[in-house]
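If you want the building blocks of each chain, they are given just below.
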Amino acid sequence: MPSIHEILKEYWGYDAFRPLQEDIIHHVLEGKDALALLPTGGGKSLCFQVPALAQEGICIVVSPLIALMKDQVENLKKRGILAAAIYTGMSRRAIVQTLKNVAHGPYKFLYVSPERLETGLFQEYLPAMDVNLIAIDEAHCISQWGHDFRPAYRRIAALREELPDVPVLALTASATAEVQQDILTQLALRNAPTFRQPFLRPNLSYSVLKVEAKPAKIVDIIGKVPGTAIVYARSRRRTVEIADLLRMHGHSAEHYHAGLPAAERAKRQQDWIENRTRVMVCTNAFGMGIDKPDVRLVVHADIPDSLESYYQEAGRAGRDGLKSYAVLLYTPQDIRDLDALHEQRYPSFEEIKAVYSALVNFLQIPSYTGEDRSYTFHYDTFVRNFGLDPFRALYALKALEGEGWFDYNDRSYMPPTVTFQTNKRGLNEFQEAHPDLEPLLTTLLRTYAGIFDVPVFVSELQVAQLMGVHIDEVTAGLKRAAAFGVIDYTPQNEDPKLVFRRHRVNVDDFRMNTAPYEARRAHFRARVGQMISYTSAEECRSQFINHYFGESDGPACGICDRCLARKKKPLDGADFERIRVRVEGALADRPLTVDLLLAALGDVGANQLWPVLDFLQAEQRLRMDGNGLLTYR
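Computed from a prediction, not measured in an experiment: that's the story for all the values here.

Draft legend 1. Broad picture of the domain arrangement of the chain. Looking at the assigned domains, one finds that the chain contains domain 1 (4-196), domain 2 (204-330 + 537-549), domain 3 (340-413 + 496-523), domain 4 (417-490) and domain 5 (573-632). Using only C-alpha atoms to locate each centre, domain 2 and domain 4 end up separated by 37 Å.

Draft legend 2. Geometry of the sheet that holds strand S14 (residues 374-376). Across the sheet, which stays open at both edges, the three strands sit in the order S14-S19-S15 with antiparallel pairing between neighbours. At either end of the open sheet lies a strand with only one pairing partner, and these are S14 and strand S15 (406-408). Averaged over all pairs of adjacent strands, the angle between their axes in this sheet comes to 20 degrees, without regard to strand direction. Summarising the sheet, S15 and strand S19 (residues 497-500) pair through three bridges and their orientation is antiparallel. Its bridge partner lying in S19, Tyr408 is registered against Leu498.

Draft legend 3. Structural view of the packing of aromatic side chains. A complete count under the given rule lists 25 aromatic pairs for this structure. Relative to Phe615, the ring of Phe576 has its centre 5.5 Å away and its plane inclined at 80 degrees; by these criteria the two rings are edge-to-face. One end of the pair, Phe576, is in helix H25 (residues 573-586); the other, Phe615, is in helix H27 (residues 606-618), with 39 residues separating them in the sequence. Aromatic rings pair up to connect Phe362, Phe377, Tyr379, Phe382 and Phe386 into one cluster. A cation over an aromatic ring shows up here: Arg502 above the ring of Trp405, its NZ or CZ 4.4 Å from the ring centre.

Draft legend 4. Geometry of the pattern of salt bridges. For the structure on display, the rule yields 31 salt bridges. Across the pair Glu264 and Arg268 runs a salt bridge whose closest N-O atoms are separated by 2.8 Å. Remark: Arg268 and Glu264 occur in helix H11 (residues 262-273); sequence separation between them is four residues, near one turn of the helix. On the accessibility criterion, Arg268 (13% relative accessible area) is buried.

Draft legend 5. Inspection of the nonpolar core at higher detail. Membership of the largest hydrophobic core comes to 151 residues, with the highest contact counts inside it found for Phe109 and Met129. In this view, Phe109 contacts Phe48, Gln49, Ala52, Leu53, Ile58, Cys59, Val61, Leu76, Ile81, Leu82, Ala83 and Ala84; residues no more than four positions away in its chain are not counted. Formed by 22 residues, the second largest nonpolar core is a distinct cluster that contains Phe420, Phe430, Leu441 and Ile487.

Draft legend 6. Examining the side chain of Glu460 more closely. For Glu460, the location among the structural elements is in helix H20 (residues 460-467). For the buried Glu460, no salt bridge exists, and the shortest N-O distance to an oppositely charged side chain is 7.8 Å, to Lys479. One polar contact links Glu460 to Tyr489, side chain to side chain, over a distance of 2.5 Å. Not counting residues up to four positions away in its chain, the partners in contact with Glu460 are Pro416, Ile471, Val474, Thr475, Leu478 and Tyr489.

Draft legend 7. Local environment of helix H24 (residues 561-568). Buried within H24 are the following residues: Asp561, Cys563 and Lys567. In an axial view of H24, the angular spread of the buried residues amounts to 165 degrees, which keeps them on one side of the axis.

Draft legend 8. The packing of helix H19 (residues 438-447) against H20, seen in detail. At a closest axis distance of 10 Å, the pairing of H19 and H20 adopts a crossing angle of 115 degrees. Here H19 is positioned roughly perpendicular relative to H20, judged by the angle of their axes. Note on packing geometry: the crossing formed by H19 with H20 is right-handed. Here Pro439, Leu440, Thr443, Leu444 and Thr447 of H19 come into contact with H20, specifically with Gln462, Val463, Leu466 and Met467. Class assignment of the residues belonging to the contact of H19 with H20 gives a composition of six nonpolar, three polar and no charged.

Draft legend 9. Looking closely at the pairing of strand S9 (residues 228-232). Counting buried positions over the five residues of S9 gives five, a clear majority of the element. A two-sided burial pattern is seen for S9, the buried positions comprising Thr228, Ile230 and Tyr232 on one face and Ala229 and Val231 on the other. With five bridges joining them, S9 and strand S12 (residues 295-300) adopt parallel strand pairing. Across the sheet, Ala229 pairs through a bridge with Leu297, a residue of S12.

Draft legend 10. How the structure looks around the pairing of S12. With six of six residues buried, S12 lies mostly within the body of the structure. Sheet topology places S12 next to strand S13 (residues 324-330); four bridges connect them, and they run parallel. Counted as the bridge partner of Leu297 is Tyr325 from S13.

Draft legend 11. Structural view of the sheet that holds strand S5 (residues 131-136). With parallel pairing, seven strands are arranged side by side in an open sheet as S3-S4-S2-S5-S6-S1-S7. If you trace the sheet from one side to the other, it starts and ends with strand S3 (83-86) and strand S7 (194-196), each paired once. Sheet twist, expressed as the mean angle between neighbouring strand axes with direction ignored, is 20 degrees. Of the strands in this sheet, strand S1 (34-37), S5, strand S6 (168-172) and S7 touch helix H2 (residues 21-29), which is tilted by about 160 degrees from S7. In this fold helix H4 (residues 66-78) packs onto S3 and strand S4 (109-112), with an angle of close to 165 degrees to the strand it touches most, S3.

Draft legend 12. Local environment of empty space enclosed by the protein. What the rule picks out here adds up to two cavities of 30 Å³ or more. Of all the elements in the fold, those that place two or more residues in the lining of the largest cavity are H4, S3 and strand S17 (456-457). Its residues assigned to classes, the lining of the largest cavity comprises eight nonpolar, one polar and one charged. Each of domain 1 (4-196) and domain 4 (417-490) gives at least three residues to the lining of the largest cavity. For the second largest cavity, the calculated volume is near 50 Å³. Lining the second largest cavity we find Ile230, Trp272, Phe286, Gly287, Ile290, Lys292, Val295, Arg316 and Arg319. Each residue belonging to the lining of the second largest cavity can be placed in one class, and the counts come to five nonpolar, one polar and three charged.

Draft legend 13. The environment of Met69, seen in detail. One can find Met69 in helix H4. The exposure class of Met69 is buried, given its relative accessible area of 0%. Setting aside chain neighbours within four positions, we find Met69 in contact with Ser63, Ala85, Ile86, Tyr87, Tyr111, Val112 and Ser113.

Draft legend 14. Focus on helix H18 (residues 424-433). Burial in H18 covers these residues: Leu427, Phe430 and Gln431. With its buried residues spanning 100 degrees around the axis, H18 presents them on a single face. When the buried face of H18 is taken as reference, the exposed residues oriented beyond 90 degrees from it are Arg425, Glu432 and Ala433. In this structure, the buried side of H18 is in contact with strand S16 (417-420) and H19.

Draft legend 15. The environment of Ala36, seen in detail. Positionally, Ala36 belongs in strand S1. Sequence separation between Ala36 and Thr376 is 340 residues, and the spatial gap between their C-alpha atoms is 36 Å. Setting aside its immediate chain neighbours within four residues, Ala36 contacts Ile24, Leu169, Ala170, Leu171, Thr172 and Phe195.

Conventions used here
One numbering rule holds for all chains: residues counted from 1, following each sequence as written. Per-residue local features of the predicted model are confined to residues with pLDDT of at least 70, and side-chain atom pairs are confined, for both listing and counting, to 80 or more; whole-chain, interface and lining totals are unaffected and use all residues. Based on all heavy atoms of the structure, the side-chain values leave hydrogens and waters out of the count. Each domain span listed reflects an automatic or database assignment of domains. Strands pair, by our definition, only if DSSP identifies at least two bridges between them. Note on conventions: DSSP H or I runs of at least 4 residues are helices, E runs of at least 2 residues are strands, and numbering of each starts at the N terminus. For helices, the fitted line uses only the C-alpha atoms of the stretch in contact; every axis is such a line through C-alpha atoms, and the angle between N-to-C directions lies from 0 to 180 degrees. A pair of Phe, Tyr and Trp rings is counted when the ring centres sit within 6.5 Å of each other, with Trp represented by its six-membered ring. The angle between the planes then sorts it: under 30 degrees is stacked, over 60 is edge-to-face, the rest tilted. Distance and angle both matter: a charge sits over a ring if NZ of Lys or CZ of Arg is within 6 Å of the ring centre and within 35 degrees of the ring normal. Salt bridge, as used here: a side-chain nitrogen of Lys or Arg that lies within 4 Å of a carboxyl oxygen of Asp or Glu. When accessible area is computed with a 1.4 Å probe and restricted to protein chains, residues below 20% of their type maximum are described as buried, those above 50% as exposed, and intermediate ones as partly exposed. For the purposes of this section, nonpolar cores are sets of buried Ala, Val, Leu, Ile, Met, Phe, Trp, Tyr and Cys residues that join through side-chain atoms within 4.5 Å. Residue contacts are defined here by distance: any two heavy atoms, one from each residue, within 4.5 Å place the two residues in contact. Positive residues here are Lys and Arg, negative ones are Asp and Glu, while His and the chain termini are left out of the count. N or O atoms within 3.5 Å of each other form a polar contact, as long as, within protein, one can give a hydrogen and the other can take it, and as long as residues adjacent in sequence are counted only when both atoms are side-chain atoms. The directions from the helix axis to the C-beta atoms are what the arc is built from. In what follows, roughly perpendicular refers to angles from 65 to 115 degrees, roughly parallel to angles under 35, roughly antiparallel to angles over 145, and oblique to any angle outside these ranges. When the near helix sits turned anticlockwise from the far one by under a right angle, the crossing is termed left-handed; a clockwise turn instead gives a right-handed crossing. Gly counts as polar in this scheme, as do all residues outside two lists: the nonpolar Ala, Val, Leu, Ile, Met, Phe, Trp, Tyr, Cys and Pro, and the charged Asp, Glu, Lys and Arg. In this analysis a 1.4 Å probe is tested at points of a 1 Å grid over the protein atoms alone, and where it fits but cannot get out there is a cavity; an open set with protein on both sides within 12 Å along at least five of seven lines is a pocket; lining residues have an atom within 4 Å of a point. Grid points are joined across faces, edges and corners, and a volume is the space filled by probe spheres set on the points.

Structure, rendered in structure tokens:
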């Protein structure tokens, strides 16, 4: 087998690993469990992809979002690495074919949504797979104390029982000390060390601004900070309004949210990645799995409900290590709304019971039926038909999901898949008989590796761009080829799926365990409280974030709004003496210019330094020569 450095060079073109990556890889290659905390853009995927390629067998990757799985599978295939995915909503035929190919073919990665782990099909084929590693992406989802708890993640423990000798690598970008411990416990990780990169981002300048008119301030900030930018907004309507306003002021901007058609989302995302669009105004549906290192600015038009979410989203700026900015805007009303958010996020038992009653009636599930059945669930129609408050109903559904009644992802979407159903000889004969379809079929074969063997995620927009035709022509061609039986084509399905895990009960018999629910409510309120405290904290923003995630005290960043404000304050006696001692220490070994001295002192501003220098020169303890070099006597 090739070495890990040869794999890194061959498939990714890198000569060296990032900090901690090599340590994690060696650890799991020794067959040991581990928890890896690497910040957004820290290269988490390589920590399981490289060791999987360095040994025989396949790596099972548990991932929460279909879109994220799709991106990683496609990226691996582009590098010539065979990967596949199974997830809720795929047809039985497609799942069986994928599992057969993975069990008996040269595949290296199988991406699995947590809902698929306990299904009979998966369990049937699992013994035939030579699994060398289990990777749990977004591992914080397993903890009820985390900011993105997914009850389906609790099923991962059963996979561990089936493969007791296979190492498990849990990965996340953000987790408090409490969540880290819960991950170790829930996954039953054995003597697992925690590999952690510092949460400090020394090139990222955090600022929090209390404003009256957010749209005007966003226009002002976008105008002052050059380069690619992201603006996060809470609602779809606000993304449209802000993007329109930015365009009115001459900025290249687009909006993005989960309600847009998949093809349009893909086009807007690609335009932004390739710098044809400068500013993406979006909900938090945007950003997951996108690797764009040169984002210079992230603005939050609304306050997230947790520092985990804020750190992850703000951290999409400056992944290339260059100076970047994260700006959070708020009004006093935002703080009041956030402080009351727990009431909306955690409805009462009676509200949850009422939503359960409405749901089973909406889906027309007879009593004592429904277990393991999948239902297409249009949320907007549901709340409109039953006159429900859309926000409270959504969180009542999440409470029901947390109790194990069903699995529901309101942002799920199934990309189109294509598999060729004929051999190459049959394909050649078909193309001769139908030359109008030959360009489409040839483009598919050239673009998507493994398309003869397994259902492959296909971007109809990408195919249309490669062919130089409209996307509707590609869709029509795929349908025609499928009608002839040459390909198996599953069109894109953006209908969210709700999968019941229990039989329906009569409403009078509905029960739930309220103790853990109330504990989560209290924990959520405390987490929101920390987010509110961040907006008004006097300490360095980076230090506040470090403390929240359990990091030890480090130096102040020197570039956030709090640090910059301190640099502008007039000196008192204690500060004067502290800076004098540091100046003497910095100049003890060699002369420095004022600029170099400022760089050496780090968190001292020029307006603070000059009074000290003037004093030392007056006392004849400091001399500046004609070249501007300061020498301490």
